[in-house]
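# What the coordinates show
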Amino acid sequence: MQPLQTTTEAVDTAFYVILGIDLVMLLGIMTAMIWFVWRYNRKRQPLPLSQKDKNLWLEITWTVIPTLLVMLMFWYGWEGYLSLRRIPDDAMHIKASARMWSWLFTYDNGKTAGKLYVPVGRPVKVELHAEDVLHSFYVPAFRVKRDTVPGMTNWVWFEAEKPGSYDLFCAEYCGVGHSSMVTTVEALSAAEFQAWLTGTEEAADRTADRGEELARQQGCLGCHSTDGSRKVGPSFKGLFGETTTVTRDGQQVTVTADAAYLARSIREPAAEVVVGYPPVMPPFTGLSEADLQALIGWLRSLQ
Ligand code: CUA
């Protein structure tokens, strides 16, 4: 089914209709109130003008008009909600995986990215998955927000009308790294998007620096800096080859951060936790051996 409006239009229409009605009500009620206070002040009007205690038409009026206004607000809200929940037929499918604390987007051709690349002028349906705890997919520019729930598939759809970069947040508190769970929606023209999707650009990334690309894509940089500053986890700068104190089986031991240690730390982070940091990193078991080596090679280059 083809929606009549984009998600942005649907939400904005309902918002402005309700805001408009609210403003009319606010001004009307305030004006009437101030007028009555002034006009029927005891000094100006010491005795009641009338002893009537019923006015049928007045009661009908103040029942019917607000009912119509409320129904109008409901109508726009309901229509807007239906627009948000009706996926256009030609929507492109993209899978989003949320995990502590990054986003990973997977396209139907197997391509993955840490940013959500979309073509301008074409609706996309984003299928929402959570790998660990509750997160929430939130793109204010397209007025879409939906929780990602472990064991359950949610979705949103939206359409970017203009090329640009739009913020994408996690809007559900999901642990110490929640605030770094941000990325962007990159809306590209149809031709640029096609070029990106078919991966000519990625080949360049691969030769340039596959390890750094992976670190960004897998969300490592949300918790680990490359400039020595402290984030959720230890900085990557100068890490390779250094000795560090970790807690292993409840004992503090000193280890050298060599390739084997780094591989363990990526695949099984809970086994050895660096002293002074919380044991919160999720295991990255989905990485291929080649990708793992590329990451470690890049870490080595930060010495
Ligand atoms: Cu994920 Cu907050």
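Residues numbered from 1 in each chain as written. Predicted model: local features only at pLDDT ≥ 70, side-chain atom pairs only at ≥ 80, totals over all residues. Heavy atoms only, no water.

### Observations regarding the overall build of the protein chain
Scanning the protein chain from N- to C-terminus turns up 6 helices and 13 strands. Against the compact-globule benchmark of 19 Å for 303 residues, the protein chain has a radius of gyration of 28 Å, which places it well outside the compact range. Each of the three principal axes of the protein chain carries a C-alpha extent, and together these read 95 × 50 × 30 Å. The proportion of buried residues among the 303 residues of the protein chain is 37%. Intrachain contacts of the protein chain at a sequence separation of at least 6 include 62% that bridge at least 24 residues. (Helix = DSSP H or I, 4+ residues; strand = E, 2+ residues; numbered from the N terminus. Rg over C-alpha atoms; globule rule 2.2 N^0.38 Å. Buried < 20%, exposed > 50% of the residue type's maximum accessible area, 1.4 Å probe, protein only. Contact = heavy atoms within 4.5 Å.)

### Concerning the domain arrangement of the protein chain
Domain assignment breaks the protein chain into domain 1 (7-45 + 54-85), domain 2 (92-198) and domain 3 (201-301). Relative to domain 3, the C-alpha centre of domain 1 lies at a distance of 58 Å. (Domains from an automatic or database assignment.)

### So, the sheet that holds strand E4 (residues 116-119)
With respect to topology, 5 strands assemble into an open sheet ordered E4-E10-E9-E6-E7, the strand pairing being mixed. Among the strands making up the open sheet, the edge pair consists of E4 and strand E7 (144-148). Ignoring which end each strand starts from, the neighbouring axes of this sheet average 20 degrees apart. (Pairing = 2+ DSSP bridges. Axes fitted to C-alpha atoms, helices over the stretch in contact; angles between N-to-C directions.)

### Looking at the pattern of salt bridges
Within this structure, the stated rule accounts for 5 salt bridges. The salt bridge involving Glu-272 is made with Arg-264; its shortest N-O contact spans 3.1 Å. Classification of Glu-272 as buried rests on a relative accessible area of 8%. Put simply, Arg-248, Arg-264 and Glu-272 are held in one network by salt bridges that share partners. (Salt bridge = Lys/Arg side-chain N within 4 Å of Asp/Glu carboxyl O.)

### Quick notes on the environment of Gly-241
Along the chain, Gly-241 falls in the loop between helix H4 (200-217) and strand E11 (243-248). Exposure remark for Gly-241: the relative accessible area of 41% places this residue in the partly exposed category. Put simply, Gly-241 and Lys-52 are 189 residues apart on the chain and 92 Å apart in space, counted from C-alpha to C-alpha. In this view, Gly-241 contacts Thr-256 and Ala-257; residues no more than four positions away in its chain are not counted.

### A few points about the environment of Pro-278
Among the structural elements, Pro-278 can be located in the loop between strand E13 (272-274) and helix H6 (289-300). Under the relative-accessibility criterion, Pro-278 is labelled partly exposed at 36%. Along the backbone, Pro-278 and Val-232 are 46 residues apart, and their C-alpha atoms lie at a distance of 7.7 Å. If near-sequence neighbours (up to four positions away) are discounted, Pro-278 is found in contact with Val-232 and Val-273.

### Some thoughts on the pairing of E7
Sheet analysis places strand E6 (residues 135-139) next to E7, joined by 5 bridges and oriented antiparallel. Bridge pairing in E7 places Phe-137 opposite Arg-146. Between E6 and E7, which pair antiparallel and follow one another directly, the connecting turn spans 4 residues, one of which, Arg-143, has a positive phi of 60 degrees.

### Examining the packing of helix H1 (residues 7-39) against helix H2 (residues 56-85)
Two numbers describe how H1 lies on H2: the axes approach to 8 Å, and their chain directions differ by 165 degrees. If you check the angle between H1 and H2, you find them roughly antiparallel. Crossing of H1 against H2: the hand is left-handed. Facing H1, whose interface residues are Thr-7, Ala-10, Val-11, Thr-13, Ala-14, Val-17, Ile-18, Ile-21 and Met-25, H2 presents Leu-69, Leu-72, Met-73, Tyr-76, Gly-77, Gly-80, Ser-83 and Leu-84. Considering only residue class, the contact of H1 with H2 consists of 12 nonpolar, 5 polar and no charged. (Parallel < 35°, antiparallel > 145°, perpendicular 65-115°, else oblique. Left-handed = near helix turned anticlockwise from the far one by under 90°. Nonpolar A, V, L, I, M, F, W, Y, C, P; charged D, E, K, R; others polar.)

### Observations regarding the packing of aromatic side chains
Under the criterion given, the structure shown has 15 aromatic pairs. One aromatic cluster is present, built from ring pairs that chain together Tyr-107, Tyr-117, Phe-193 and Trp-196. Note that Arg-44 overlies the ring of Trp-38, its terminal NZ or CZ placed 4.3 Å from the centroid. The ring of Trp-155 has Arg-85 lying over it, and the distance from NZ or CZ to the ring centre is 3.9 Å. (Phe/Tyr/Trp six-rings, centres within 6.5 Å; stacked < 30°, edge-to-face > 60°. Lys NZ or Arg CZ within 6 Å of the ring centre and 35° of its normal.)

### Structural notes on the packing of helix H5 (residues 259-267) against H6
How two helices sit against one another is set out by the angle between their axes and by the gap between those axes. Across the interface, H5 lies against H6 with an axial gap of 10 Å and an inter-helix angle of 120 degrees. When the interaxial angle is binned, H5 and H6 end up oblique. In this structure, the crossing between H5 and H6 has a hand that is right-handed. In contact with Ala-259, Leu-262, Ala-263, Ile-266 and Arg-267 of H5, H6 contributes Glu-289, Leu-292, Leu-295, Ile-296 and Leu-299.

### So, the pairing of strand E8 (residues 154-158)
Burial runs high along E8: 5 of the 5 residues are buried. The side-chain alternation of E8 yields two buried faces, one formed by Asn-154, Val-156 and Phe-158 and the other by Trp-155 and Trp-157.

### Comments concerning the sheet that holds strand E2 (residues 102-107)
With mixed pairing, 5 strands are arranged side by side in an open sheet as E3-E2-E1-E5-E8. The outermost strands of the open sheet, each flanked by one partner alone, are strand E3 (112-113) and E8.

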